[in-house]
Amino acid sequence: MLREFKRPQKLMGNAFEITVVSDDKNSANQHIDAAIDEIRRIEKLLTTFSEESQTNLINRNAGIKPVKVDWEIFDLIERSLRISRITDGYFDISYGGIDKSFWNFDRKMQQLPDPELIKEHLKLVNYQNILLNRENQTVFLKEKGMRIGFGGIGKGYAAEKAKKLLQKRGVLSGIVNASGDLTTWGNQADGKPWTVGIADPDNSKQPFSYMNITDMAIATSGNYEKFVVIGGKKYSHTINPKTGMPVSGVKSVTIFCPNAEIADAMATPVSIMGIDSALNMVNQINHLECIIIDDQDRIYSSQNINLK
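Residues numbered from 1 in each chain as written. Predicted model: local features only at pLDDT ≥ 70, side-chain atom pairs only at ≥ 80, totals over all residues. Heavy atoms only, no water.

Student: Go over the overall build of the chain with me, naming the residues and quoting the values.
Tutor: Looking only at helices and strands, the chain has seven helices and 15 strands in total. When the 308 residues of the chain are sorted by exposure, 50% land in the buried category. Excluding contacts between residues fewer than 6 apart, the proportion of contacts in the chain whose partners are at least 24 apart in sequence is 60%. Accessible surface for the chain amounts to roughly 15200 Å². Of this, 48% is attributable to carbon and sulfur atoms. Side chains of the chain give 38 positive and 37 negative charges; the mean places of these two sets differ by 2 Å. (Helix = DSSP H or I, 4+ residues; strand = E, 2+ residues; numbered from the N terminus. Buried < 20%, exposed > 50% of the residue type's maximum accessible area, 1.4 Å probe, protein only. Contact = heavy atoms within 4.5 Å. Areas by Shrake-Rupley, 256 points an atom, 1.4 Å probe, with all protein chains shown as cover. Lys, Arg positive; Asp, Glu negative; His and termini not counted. Charge placed at Lys NZ, Arg CZ, Asp CG, Glu CD.)

Next comes the structure, spelled out in structure tokens:
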């Protein structure tokens, strides 16, 4: 008899949960082990916290020399740059140049950082200065002090890779949930489609809407989990790479798309670029949909979404 086997696991600094549908507990656990190993492998590749990672090597050689990397990293950076072009730079993996010390989003933060200081650092944020050479398989950050980071796309990439691995191993149905960025395939054990709740920003335990999905990925970006209030205004932990300032005005964004990596990468720019521009962009991209909730609790959605 088919059952759902789930396992929560802390990976990439986030709460992941892997679900597989199977009629056998042992093989289900082996599948989940393999998916977790795959995510750990990707974490090693992408992390900026380890001296050994290729990402770190690229950053350490910024303004000095190109770094030869694995194809996997090369291709991920290439896809990231494509998303930067589509989103007019609102998605930018070189945002690592904006120092975390400006925005630590703990409750001790009392004031906004000095705009002049941020301007200085913003000079280093420019995806057009990430130079790829396919022939030599190298990545070069043009300016000294530039840094790249995969915070905006890494979880989705890992979820997508784990899903592909499970499918290759013959798992017909499952979910990889990377702390709210999730990708689904197949159906539940009872044959019904997977159902996901769209979180209500003011009450994340209580969804405001449910959707049936399969072979679909979802990513959410919201200010209801990490934010600070300064001078009575709420600032989310999402930073606009063009201003170095946090986003305000949008409470949450939910992206739907067949690929978890793209869903994850699109959640940030859609929450930054202004509601009209965001909807206009999403409506022009095939197989991409979104729901946006603003600070006044108004709900906007792209043209192919019918909310129940």
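So that's the structure; there's more coming.
Student: Which residues make up the packing of helix α5 (residues 154–168) against helix α6 (residues 260–272), and what values go with them?
Tutor: Across the interface, α5 lies against α6 with an axial gap of 7 Å and an inter-helix angle of 165 degrees. Here α5 is positioned roughly antiparallel relative to α6, judged by the angle of their axes. Two packed elements cross with a definite hand, and for α5 against α6 that hand is right-handed. Mapping the contact onto sequence places Gly154, Lys155, Gly156, Tyr157, Ala159 and Glu160 in α5 and Ala260, Glu261 and Asp264 in α6. Residue classes in the contact of α5 with α6 are distributed as three nonpolar, two polar and four charged. (Axes fitted to C-alpha atoms, helices over the stretch in contact; angles between N-to-C directions. Parallel < 35°, antiparallel > 145°, perpendicular 65-115°, else oblique. Left-handed = near helix turned anticlockwise from the far one by under 90°. Nonpolar A, V, L, I, M, F, W, Y, C, P; charged D, E, K, R; others polar.)

Student: Describe in detail helix α3 (residues 71–86), supporting the description with residues and values.
Tutor: Its 16 residues place the ends of α3 22 Å apart at the C-alpha level, agreeing with the 22 Å of an ideal helix rising 1.5 Å per residue. Of all the positions in α3, only Glu72, Ile73, Phe74, Leu76, Ile77, Ser80, Leu81, Ile83 and Ser84 are classed as buried. Packing partners of the buried residues in α3 comprise α1 (25–46), α2 (54–60), β4 (130–133), β5 (138–141), α5 and α6. In the segment just after α3, aspartate 88 is the residue with positive phi, at about 55 degrees. (Expected span 1.5 Å × (residues − 1).)

Student: Tell me what's going on with the nonpolar core, and back it up with residues and numbers.
Tutor: Taken as a class, soluble globular proteins show a tendency for nonpolar side chains to be buried jointly. Among the nonpolar cores identified, the biggest contains 68 residues, and Ile77 and Ile130 are the most heavily contacted of them. Of all the elements, α1 adds the most residues to this core, at eight residues. With near-sequence residues (within four places) excluded, isoleucine 130 lies in contact with Ile77, Leu81, Ile93, Ser94, Val139, Phe140, Leu141, Met146 and Ile148. Formed by twelve residues, the second largest nonpolar core is a distinct cluster that contains Val21, Leu182, Met211 and Ile218. (Core = buried A, V, L, I, M, F, W, Y, C linked by side-chain atoms within 4.5 Å.)

Student: Outline the packing of α1 against α3, listing residues and values.
Tutor: Each pair of packed helices can be summarised by the angle the axes make with each other and by the distance between the axes. Between α1 and α3, whose axes approach to 11 Å, the crossing angle comes to 75 degrees. Compared by their axis directions, α1 and α3 come out roughly perpendicular. Across the interface between the two elements, Arg41, Ile42, Leu45 and Leu46 of α1 pack against Glu72, Ile73 and Leu76 of α3.

Student: How would you summarise the sheet that holds β4 if you had to cite specific residues and measurements?
Tutor: Pairing is antiparallel in the open sheet, where three strands are placed in the order β3-β5-β4. Strands at the two margins of the open sheet, each flanked by one partner only, are β3 (67–68) and β4. Of the strand pairs in this sheet, β3 and β5 are connected by two bridges, and their pairing is antiparallel. Following the sheet pairing, valine 67 is matched in β5 by valine 139. (Pairing = 2+ DSSP bridges.)

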